[in-house]
Each structure stands twice: as C-alpha cells, then as structure tokens.
Amino acid sequence: VDAGFSNLDLASLDVARLPRSPLARLSGNARGRLIVPIHQGTIRNGKLDVQVAGLDAQPASGMVLPVLPKARLAIEGDVDLTARTAELRHVTIGAAGVEFSGHGAFSGSVLEGSWLGIRNLHLTGRADPQAVLDLTGQHAAWPVGMAGPVGVEVAYEHLDPGITARLKLDATAAAVTLAGQI
C-alpha cells in the first residue's frame, strides 16, 4: 500500500467506537502519505507522515486537551502484526511550539491506552513554554514566566519488573521570570 490523502476528516474514522480505544473523540482535517509494505504478517520500512489542522484528540478518561491548530506526526519503522509490536526507527512530533524526534519500541497495548506498552522511547527536541501556555490558557495557574525555547530530552525504558526514565531540560536559551523578576 502506498497512498496519499488530503482533506481527510478524522471524525469520519469514528475511532471512539473501536474496541479499547483510548480516545473519546478524534477530529481535524488531515493530509499526508502512508506506505505499508506487508510481507508475511510484517510491515517492513512502513512510513506515515500526517499533518492535521484543528486536531482535537480527547482521551476516553482524564483531562480535556486543547485543540491544536496544527500538528504533525511522522513515523518510520517495522510492525509485527502477529506479535502486535512495533520498532520505530524514526519518530517526529510537532505541534504548538513543541518539536520532538527520536525512536522507540511499543507493544499493541499502547493502542488500548496502556503506557506500559511503551518498551522504550527516546525523544529529543525543543518546547516553547509560552506557546504551550498560550494554547492551554494556563497563564494564571503558572507562577513562573519563560520566554524562549527549552531543550528537552526524554528517555524511557520498561524492563520487567522495573522502569527507568530520564528527563533532561536545558533552558540556557530561555529567560525565566518569577513575579516579574529575572
């Protein structure tokens, strides 16, 4: 399968009705490309690159998430359809002042909302806290002001029975204020 798409109304996919869907709602207007070479129950070098305008992805439970004016997801990797596992060599995520890239390995339980299905994940990138606060409307709840990008590195590994995680933030290029003082 090698298919391009545009003007795809994500609401028409009705993902909330899928068994064990982690989403209560998914809507937005998507365009992109999907390449799925399947051989003996395995997708080798599969690719998805999708851009969405007006992305509204609401979890089945938990907090209400803001609508993202623009979002992008690009992945490349292998999927074992029988074992329900994925090895993603390249992942790119971008939305509202946040850009990350990296790689990871997942089991199918991630699609059912279980974060323990993430076997490993490594992402690096940058976040603009002001853009995130603008989007969420959380300025009053956040006592610290920050202007400029913050470098972010996330590393996670699920090793039965334990989990290791690392979060590294680099605010060298950012100006931080507390009560108007730098």
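Definitions and limits used
Residues numbered from 1 in each chain as written. Predicted model: local features only at pLDDT ≥ 70, side-chain atom pairs only at ≥ 80, totals over all residues. Heavy atoms only, no water. Helix = DSSP H or I, 4+ residues; strand = E, 2+ residues; numbered from the N terminus. Buried < 20%, exposed > 50% of the residue type's maximum accessible area, 1.4 Å probe, protein only. Areas by Shrake-Rupley, 256 points an atom, 1.4 Å probe, with all protein chains shown as cover. Lys, Arg positive; Asp, Glu negative; His and termini not counted. Charge placed at Lys NZ, Arg CZ, Asp CG, Glu CD. Salt bridge = Lys/Arg side-chain N within 4 Å of Asp/Glu carboxyl O. 1 Å grid on protein atoms, 1.4 Å probe; cavity = no way out; pocket = protein on both sides within 12 Å on 5 of 7 lines; lining within 4 Å. Points joined across faces, edges and corners; volume = space filled by probe spheres on them. Nonpolar A, V, L, I, M, F, W, Y, C, P; charged D, E, K, R; others polar.

Asks: Where do I start with the overall build of the protein chain in this structure?
Replies: Scanning the protein chain from N- to C-terminus turns up one helix and twelve strands. Sequence-ordered secondary structure for the protein chain, helices as α and strands as β, is β-β-β-β-β-β-β-β-α-β-β-β-β. With respect to the principal axes defined by its C-alpha atoms, the protein chain has extents near 60 × 40 × 30 Å. Taken over 182 residues, the protein chain has a buried fraction of 27%. Element-wise, carbon and sulfur atoms account for 61% of the exposed surface of the protein chain, whose accessible area totals about 11400 Å². In the protein chain, 15 positive and 17 negative side-chain charges are present, and the distance between their average locations comes to 3 Å.

Asks: Looking at this structure, I do not really get the pattern of salt bridges. What am I missing?
Replies: When the charged atoms of two side chains with opposite charge come close together, those side chains can pair. In this structure the tally under the stated criterion is nine salt bridges. A salt bridge links aspartate 14 to arginine 17, with the shortest nitrogen-to-oxygen separation between them at 3.9 Å. By relative accessible area, aspartate 14 is classed as partly exposed at 36%. On the accessibility criterion, arginine 17 (70% relative accessible area) is exposed.

Asks: Could you clarify how one ought to interpret the layout of surface pockets in this entry?
Replies: If a probe the size of a water molecule is rolled over the atoms, the empty space left behind becomes visible. By volume, the second largest pocket amounts to about 270 Å³. The wall of the second largest pocket is formed by 13 residues, among which Ala127, Asp128, Pro129, Val132 and Val150 lie closest to the centre. Taken together, the elements giving at least two residues each to the lining of the second largest pocket come down to β7 (98-107), α1 (129-136), β10 (150-159) and β11 (162-170). Across the lining of the second largest pocket, the residue classes break down as twelve nonpolar, no polar and one charged.

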